[in-house]
Amino acid sequence: MIAQAKFHHRRKPTFTRSMTHEEIVTLLRHVRSQSEERYLIYASLFYTGLRTGELAAVKAEGMECLHEVPHIHLPSAATKHLKEKRLPIALPLLDPLMLWCAEQGLQYGSPLFEIPCHLPRLLRRDLQGAGIPIVDENETILDMRTFRATHASLLQGAGADILDVFLWMDIPFEDNIGQGNKFEQHAETLNRFPDFLKPTELPQQ
């Protein structure tokens, strides 16, 4: 009698999860040893909540680092919903970005970062190199959407209510119509984020 193998179809994970504080620090530490630019790309995605395409569209002249409220300016053509965006820069990210701009000698029209088209593949490799499981026991996954999911969690952890999270992450929601962007409040919230870039110890959960 020929033995018949039983094949069990494993459902492909479809839900993206956010990263824990410890995972963020571990990933950034690992990536910094591989590539300074990719380290800053990941850090910028965590701290800004920008979509990858939006970050790729940031130009040197859009870095308003010396403004009273340091921020990134994106013209409407560079955003998903074709709306001009002013995004405050969290304090832990400000000095590293200013140093990067100076060291790279970025000029008017220069992109802040050269984001590779194969960044999703690099992220998978970086997660593996950092020893962080891509799929967890609940079959949720870490992928490029994780940066925005994590940013949303950090906003809530810093005291933002859900309507402001939707507003600042440029997620259309009818209750936010006509509210403006609460720019100063957004900056204050971002400045309550943990400093993942110069940690002296792993943050507590």
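Residues numbered from 1 in each chain as written. Predicted model: local features only at pLDDT ≥ 70, side-chain atom pairs only at ≥ 80, totals over all residues. Heavy atoms only, no water.

Undergrad: Where do I start with unusual backbone geometry in this structure?
TA: As a rule of thumb, non-glycine residues mostly have phi less than zero, and peptide bonds are mostly trans rather than cis. Here Glu-139, not a glycine, exhibits a phi torsion of approximately 60 degrees, which is positive. Note on placement: Glu-139 falls in the loop between α5 (119–129) and α6 (146–157). (Helix = DSSP H or I, 4+ residues; strand = E, 2+ residues; numbered from the N terminus.)

Undergrad: How do you make sense of the side chain of Arg-38 when you look at a structure like this?
TA: Following the sequence through the fold, Arg-38 ends up in helix α2 (residues 36–48). Among the residues examined, Arg-38 registers a relative accessible area of 10% and is labelled buried. For Arg-38, the contacting residues outside a window of four places in its chain are Val-31, Leu-119, Leu-122, Arg-125 and Asp-126. (Buried < 20%, exposed > 50% of the residue type's maximum accessible area, 1.4 Å probe, protein only. Contact = heavy atoms within 4.5 Å.)

Undergrad: In this structure, what is going on with the nonpolar core? I would like to understand it.
TA: Soluble globular proteins tend to pack their nonpolar side chains together in the buried interior. In this structure, Leu-27, Leu-28, Tyr-42, Met-63 and Leu-112 are the most contacted members of the largest nonpolar core, which totals 56 residues. Secondary structure elements with two or more residues in this core: α1 (21–32), α2, β2 (71–74), α4 (91–104), α5, α6 and α7 (162–168). Of all the elements, α2 adds the most residues to this core, at eight residues. When sequence neighbours within four positions are dropped, the list of residues in contact with Leu-27 reads Met-19, Tyr-42, Phe-46, Leu-123, Asp-126, Leu-127, Ala-130 and Ile-132. (Core = buried A, V, L, I, M, F, W, Y, C linked by side-chain atoms within 4.5 Å.)

Undergrad: Help me understand α1, please; the structure alone is not making it clear to me.
TA: Each turn of an α-helix holds 3.6 residues, which means side chains three or four residues apart point in the same direction. Counted at 1.5 Å a residue, the expected span for α1 with its 12 residues is 16 Å, and the 17 Å between its end C-alpha atoms agrees. Buried within α1 we find Glu-23, Ile-24, Val-25, Leu-27, Leu-28, His-30 and Val-31. Those residues of α1 that are buried are in contact with α2, α5 and α6. (Expected span 1.5 Å × (residues − 1).)

Undergrad: How do you make sense of the packing of aromatic side chains when you look at a structure like this?
TA: Describing an aromatic ring pair means giving the distance of the ring centres and the angle of the ring planes. On inspection of all chains with the given rule, the structure shows five aromatic pairs. Judged by centre distance (5.9 Å) and plane angle (45 degrees), the rings of Tyr-47 and Phe-196 are tilted. Of the two residues, Tyr-47 sits in helix α2 while Phe-196 sits in the segment after α8 (183–190), which places them 149 residues apart along the sequence. Residue classification places Tyr-47 among the buried positions, given a relative accessible area of 1%. Between Trp-100 and Phe-113 the ring centres are 5.9 Å apart and the planes differ by 40 degrees, which places this aromatic pair in the tilted class. In this pair, Trp-100 sits in helix α4 while Phe-113 sits in the loop between α4 and α5, placing the two residues 13 residues apart along the sequence. Phe-113 matches Trp-100 in its accessibility class, with the two residues each being buried. Stacked on the ring of Phe-183, the Lys or Arg Arg-86 has its end atom at 4.0 Å from the ring centre. (Phe/Tyr/Trp six-rings, centres within 6.5 Å; stacked < 30°, edge-to-face > 60°. Lys NZ or Arg CZ within 6 Å of the ring centre and 35° of its normal.)

Undergrad: Is there a simple way to think about the sheet that holds strand β1 (residues 63–64) in this case?
TA: Strands belonging to one sheet form pairs held by backbone hydrogen bonds; the direction of such a pair is parallel or antiparallel. Spatially, the three strands line up as an open sheet ordered β1-β2-β3, and their pairing is antiparallel. Two strands lie at the open edges of the sheet, namely β1 and β3 (85–88), each paired on one side alone. With two bridges connecting them, β1 and β2 associate as antiparallel partners. Opposite Glu-64, over in β2, you have His-71 as the bridge partner. (Pairing = 2+ DSSP bridges.)

Undergrad: Please explain the environment of Phe-193 as it appears in this structure.
TA: Along the polypeptide, Phe-193 turns up in the segment after α8. Phe-193 sits in the buried class, given a relative accessible area of 5%. If we ignore the near neighbours within four places in the chain, the residues touching Phe-193 are Phe-46, Tyr-47, His-151, Leu-154, Leu-155 and Ala-158.

Undergrad: I keep staring at the environment of Glu-22 and nothing clicks. Help me out?
TA: Tracing the chain through its elements places Glu-22 in helix α1. A sequence separation of 174 residues divides Glu-22 from Phe-196, and the C-alpha atoms of the two residues are 9.1 Å apart.

Undergrad: Mind showing me how you'd approach α8 here?
TA: Among all positions in α8, only Phe-183, His-186, Ala-187, Thr-189 and Leu-190 are buried. All buried residues of α8 lie within an arc of 160 degrees about the axis, which places them on one face of the element. If you follow the buried residues of α8, they end up packed against α2, β2, β3, α6 and α7. (Arc of directions from axis to C-beta.)

Undergrad: Looking at this model, I keep getting lost on the packing of α2 against α6. Mind explaining?
TA: Packed helices, taken two at a time, are described by their axes: the angle between them and the distance between them. Contact geometry of α2 with α6 gives a least axis separation of 7 Å together with a crossing angle of 45 degrees. In terms of their interaxial angle, α2 and α6 are classed as oblique. Within the contact between the two elements, α2 uses Tyr-42, Leu-45, Phe-46, Tyr-47 and Thr-48 and α6 uses Phe-147, Thr-150, His-151 and Leu-154. Partitioning the contact of α2 with α6 into residue classes produces six nonpolar, three polar and no charged. (Axes fitted to C-alpha atoms, helices over the stretch in contact; angles between N-to-C directions. Parallel < 35°, antiparallel > 145°, perpendicular 65-115°, else oblique. Nonpolar A, V, L, I, M, F, W, Y, C, P; charged D, E, K, R; others polar.)

Distances and angles like these do not, on their own, reveal function.
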